[in-house]
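Each chain is listed here by its residues.
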Amino acid sequence: MLRFVMEPCACPAALFLLLSAVLLGATAFEVEIKDDKNATCIYAKLSVNITVQYETNTSSSKNVTFPVPSKVTTNGSSCGSDSEAPILVTHFGNSHSWSLNFTKNESTYSGSALIFTYNTNDTTLFPDALRKGLLSSPATFLGPVPLNSTYKCISSEVVVGKNVTQIIYDVKLEAFVPNGTLGKEVTCDADKPYPSPSPTQPSTTASTTTPAPTSKPLDNPTTGNYTVSDVNGTCLLASMGLQINTSLLSEGENIWTPFNIDPWVIKSNGTCTNQTGTLILTENSTIIEFTFALKNKNHFYLEGVNVTLINGSAFSYRQNQNLSDWEASVGSSYMCHKEQQIKVSEDLFISAFDVRVQPFGVHNGTFDTAEDCFADQNFIVPIVVGAALGALVVLVTVAYFIGRRRQYSAGYEQM
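Residues numbered from 1 in each chain as written. Predicted model: local features only at pLDDT ≥ 70, side-chain atom pairs only at ≥ 80, totals over all residues. Heavy atoms only, no water.

Caption draft 1: Spatial organisation of the packing of aromatic side chains. A full pass over the atoms with the stated rule returns 12 aromatic pairs. Both rings, one in Phe300 and one in Phe360, keep their centres 6.4 Å apart while their planes meet at 45 degrees; by these two values the pair is tilted. With Phe300 in strand E20 (residues 299-311) and Phe360 in the loop between strand E25 (348-358) and strand E26 (370-372), this residue pair connects regions lying 60 residues apart in the sequence. Residue Phe300 is classed as buried on the basis of its relative accessible area of 0%. A relative accessible area of 7% places Phe360 in the buried class. (Phe/Tyr/Trp six-rings, centres within 6.5 Å; stacked < 30°, edge-to-face > 60°. Helix = DSSP H or I, 4+ residues; strand = E, 2+ residues; numbered from the N terminus. Buried < 20%, exposed > 50% of the residue type's maximum accessible area, 1.4 Å probe, protein only.)

Take a look at the structure:
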């Protein structure tokens, strides 16, 4: 039995390919995340088959299907704390990752966001991908489960995100494990022998609850310092303060509401190639992806920005891949202290403050000489100097004509 959790996706053949993969069989991965006392806090054993739809360098679309393998690493996973939610992160292949955030209330726990990140520089899976780098696809997975219980579901669940479709099955999972001991198993409805439809079954279409907008202006955001590294060391540097401005519906009206990005809770990663640089900033409710590209091999610029906002079990995704901002020469860095506004969509803008970025040619992990943005350039001194020179030219010209006039007058008097 299949259960569908849908988000918009242009993957018409994905489901067929995934079902074929399930029939052919797939591997399961099993992981345990432990706290500082070596007690298990998250346990997961499940099988995941993934289909990604991507654009090729011939402007066509192609689907590729692959499983999450049995051997994964869990760097970045955390049991959480009073201020940070638990997260399960699995890494596999060529920089691919599958992560699930958890949240809880007094009686249940659930998955708050499922993020699959794939690397189109992997030529085995994406040999002809047009866009290179790390791309993230958010979705939702794991409804409410009673605390101190292990969720078990053999049946397949289809989870669809942006350009990514997943079939998740043979699941045995528990978060917030008490004292390192798994609780009793709770079987999903799809596995029950005689399931009966419930009139109160929640809709698979998630509703978004938004905070009340406020007209009170925010202080400028705190500046964060971010890096991306590859096998050769630091390959991308960025320093900036970020503020999201989005249109929220309140009492029947769309009101623009800003909120600052806190760099202290942001995790940064990305990729570097000869042609592109990608910086991905992630925290529990926001994912911002900056893509830099080369122009005529001598200049770099900001080519695109993707923003994902996660609110409980719902999320929104906005992107703009036709930018030409933050341009500077390769071998130098771009710097701008004044506010820079980036239009991601009609209902979402990013305001960036104290920006300095260098996505190419980083040496020794430090910024090279900065090229100032147009807004930062001081035109007062050139204007004053130009005005003074102009005035001097006028004075010299006037003095010359006065001198000539006196000379002519003296000649007439002698005659």
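Caption draft 2: Up close: the layout of surface pockets. By volume, the second largest pocket is sized at about 760 Å³. Lining of the second largest pocket is provided by 30 residues; of these, Ile87, Val89, Lys267, Asn269 and Thr282 occupy positions nearest its centre. Put simply, the parts of the chain that give the lining of the second largest pocket at least two residues each are strand E5 (87-92), strand E6 (96-104), strand E7 (108-119), strand E8 (134-139), strand E17 (267-272) and strand E18 (276-282). Ranked by residue count, the leading element in the lining of the second largest pocket is E17, at five residues. For the lining of the second largest pocket, a count of residues per class yields 10 nonpolar, 17 polar and three charged. (1 Å grid on protein atoms, 1.4 Å probe; cavity = no way out; pocket = protein on both sides within 12 Å on 5 of 7 lines; lining within 4 Å. Points joined across faces, edges and corners; volume = space filled by probe spheres on them. Nonpolar A, V, L, I, M, F, W, Y, C, P; charged D, E, K, R; others polar.)

Caption draft 3: View of the nonpolar core. Counting 43 residues, the largest nonpolar core has Val52, Phe66, Trp98, Phe102, Phe116, Phe126 and Ile168 as its most contacted members. Counting residues per element, this core draws most heavily on strand E3 (residues 40-55), which supplies eight residues. The contacts of Phe126, once residues within four sequence positions are left out, are Val52, Tyr54, Val64, Phe66, His96, Tyr118, Asn119, Thr120 and Lys132. (Core = buried A, V, L, I, M, F, W, Y, C linked by side-chain atoms within 4.5 Å. Contact = heavy atoms within 4.5 Å.)

None of this, on its own, says anything about what the molecule does.
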